[in-house]
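Analysis of the macromolecular model
Given next are the chains, with one letter for each unit.
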Amino acid sequence: MVGIASPPLSSALEAQGRRSRRSAQARQGGAISMATRAQPRQLGRAGSAGAETLATGGAASAEGSGRPGPLQDETLGVASVPSQWRGVQGIRRETKSCQTASIATAEKAAQTRKHVDAEVQTEAPVPLSAPSVSSHDDSRLAAFLRRVEAMVIRELNKNWQSHAFDGFEVNWTEQQPTVTCLHTLGYPPAQGQGLHVTSVSWNTTGSVVACAYGRLDDGDWSALRSFVCAWNLDRRGLKPRQPSAVVEVPSAVMSLAFHPTQPSHVAGGLYSGEVLVWDMSHPEDPLLWRTGLTDDTHTDPVYQVVWLPEPRHGHRFQVLSVATDGRVLLWQGVGAGRLQLTEGFALVVQQLPRNTKLKKPPRGETEVGATAVAFSSFDPSLFVLGTEGGFPLQCSLAAEEAALTRTPSSVPLRAPAQLTFSPHGGPIYSVSCSPFHRNLFLSAGTDGHIHLYSMLQAQPLASLQLSHKYLFAVRWSPVRPLVFAAASGEGDVQLFDLQKSSQKPTVSIKQTQDASPVYCLEFNRQQTQLLAAGDAKGTVKVWQLSTEFTEQGPRESEDLARLAAEVAT
């Protein structure tokens, strides 16, 4: 914008207009005068008169009207317009500056705090005097050595051939108590219902123990609400009466088994005949798969479940279940939370091997109820079944003979039995295959006996009476070839070491003070010093074993093989 100084714009314009009119009149007058001088004759008199009028009329007219005379100079004021642009630019000038953040500096110094001088001086050497040599008779000493030489050599040869100290090891460690109770676990709501611990299982890491609650005595427990509980023993602040995870189950749980590689997956068999798989890491919604109540489902209680690797996919596992309806079934988890039957076996009386004399079954009964199962550690297709009839059965997953049964099934059922062993005096509740010998297995039954069998013959190699009541469980040690444990109906957990005695237990542990039965037990395969046992009081006790039961002695496997070979012949 350009500023305008006084006088005002209207006065300046009016003055400029007057100067313009006067200049025009002066130019017009000048033009007329020049024209008159150029043409005087043509104008004549009229022209002269007109000229005079023009020369004077203007004055008269001007005087008559009060105007100034013609062609007069007039001095007017000057209109000046000063510029304000430079002033505006000067006002807008700005000054700016910047500065980096102040630089922090620090100075430090280090100085040793103290200085120590030390000196060492050896003691003055003491001269040693040579010991005096006693005088002796060399000839008499030589005669003595020649005289006893033959006797000493004879005794050395005798000791060299002796086996009296084979396997002996000096133990310099301090002796500890053989067995101590590390934890006493329980779930008060289940114990308040009078439920028993029917099964225990360790997960693959060895840090979590789970138990199943149900009933093993007489009665209909199909509609009884039950529980599966788990405790993480490595968790800080373990609360024995508050499990880490609890799963409510609509029927009594009879068996339990953790997945071999998934630490939180556990399979369970119910009194209703169903098989379920839970994820204990999601207690709010733990159910992964279930069989449902279909024609393929067991019709009797499932007394044991086992995880087996698939033959063609070793990283995938199936669940095998055995029940007293005479069927052994293999299940595979599929989508929509369902366990699908993939293979099945049926135990039929008419198809049992007749290598031993068995009791005649009741009229019309064809199925053989299975109560326990154990797989060989050396042949994944070979397994042993315990039965209600008291006789163990050697079976194979590779059996191809069709089972003679009318039981409805979505897959063909096969007859797995290959060998029948001599029976107990009552139903078998537990079987266990040796992890150190391919032919040996143990069985425990209601007759209070434990039988040691070889797969090569029907008769037991040894029979041990441990109780006047039932024996509910037996398990080989995973680290000691000659050690096994048994759970009795008198409330005891008994540990056997066949290297020390083949007739009586090395240690007998009192699990319950009122002699309530101990129904189940399991060794921990990762933390081998731990043994868990569950009882009729709804309690799980974790026992810590001393090195006496966890450290294998020299030649122990050879002693087990020799025991089997000597008795078998």
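In this text the structure is predicted, and so the values were computed from the model without any measurement.

1. With respect to a nonpolar patch on the surface
A cluster of nonpolar side chains, namely Leu141, Phe144 and Leu145, defines an oily patch on the protein surface of about 290 Å² accessible area. Secondary-structure assignment places Leu145 in helix H4 (residues 138–161).

2. Here's the deal with the sheet that holds strand E28 (residues 530–535)
One open sheet holds the 4 strands; their spatial order is E1-E29-E28-E27, and the pairing between them is antiparallel. This sheet does not close on itself; its edge strands, each paired only once, are strand E1 (179–186) and strand E27 (518–523). Neighbour-to-neighbour, the strand axes of the sheet open up by a mean angle of 20°, direction not taken into account. In this sheet, E28 lies alongside E27 in antiparallel orientation, the contact comprising 5 bridges. Within E28, the residue paired with Glu522 across the bridge is Ala532.

3. Some thoughts on unusual backbone geometry
For Ala515, which is not glycine, the phi dihedral falls at a positive 65°. By the element assignment, Ala515 lies in the loop between strand E26 (507–510) and E27. Classification of Ala515 as partly exposed rests on a relative accessible area of 29%. Phi is positive for Arg555, which is not a glycine, with a value near 65°. Structurally, the position occupied by Arg555 is in the loop between strand E29 (539–545) and helix H6 (556–568).

4. With respect to the confidence of the model for the protein chain
Averaged over all residues, the pLDDT of the protein chain equals 82, while 75% of them reach at least 70. When pLDDT is averaged over each helix and strand of the protein chain, the minimum, 43, is found for helix H2 (residues 40–65) and the maximum, 97, for E28. For the stretch residues 1–10, pLDDT sits under 50, and the model shows 8 contacts to residues farther than four places along the chain or on other chains. In this model residues 28–66 is a low-confidence stretch, pLDDT under 50, and it forms 7 contacts with partners more than four residues away in sequence or in other chains.

Calculation criteria
- Going along each chain's sequence as written, the residues are numbered from 1 onward.
- Predicted model: local features are reported for residues with pLDDT of at least 70 only, side-chain atom pairs are reported and counted for 80 or more only, and whole-chain, interface and lining totals are derived from all residues.
- Side-chain figures throughout are based on the complete set of non-hydrogen atoms in the structure, without hydrogens or water.
- Grouping into patches uses exposed residues only, defined as over 30% relative accessible area, and leaves out salt-bridged ones; the cut-off is 9 Å for like charges and 5 Å for nonpolar side chains (Val, Leu, Ile, Met, Phe, Trp, Tyr).
- In these tables, accessible area is a Shrake-Rupley quantity obtained with a 1.4 Å probe, and a residue counts as shielded only by the protein chains included in the view.
- Note on definitions: salt bridges are taken to be side-chain nitrogens of Lys or Arg within 4 Å of carboxyl oxygens of Asp or Glu.
- Numbering of helices and strands runs from the N terminus, with a helix taken as a DSSP run of H or I at least four residues long and a strand as a DSSP run of E at least two residues long.
- Strand pairing is assigned whenever DSSP detects at least two bridges linking the two strands.
- Comment: axis = line fitted to C-alpha atoms, over the contacting stretch for helices; angle = value between 0 and 180 degrees taken between N-to-C directions.
- Only protein chains enter the area calculation, which uses a 1.4 Å probe; residues under 20% of their type maximum are buried, those over 50% are exposed, and those in between are partly exposed.
- Known as pLDDT, the predictor's confidence for each residue is given on a scale from 0 to 100.
- The criterion used for residue contact is that any of the two residues' heavy atoms lie within 4.5 Å.

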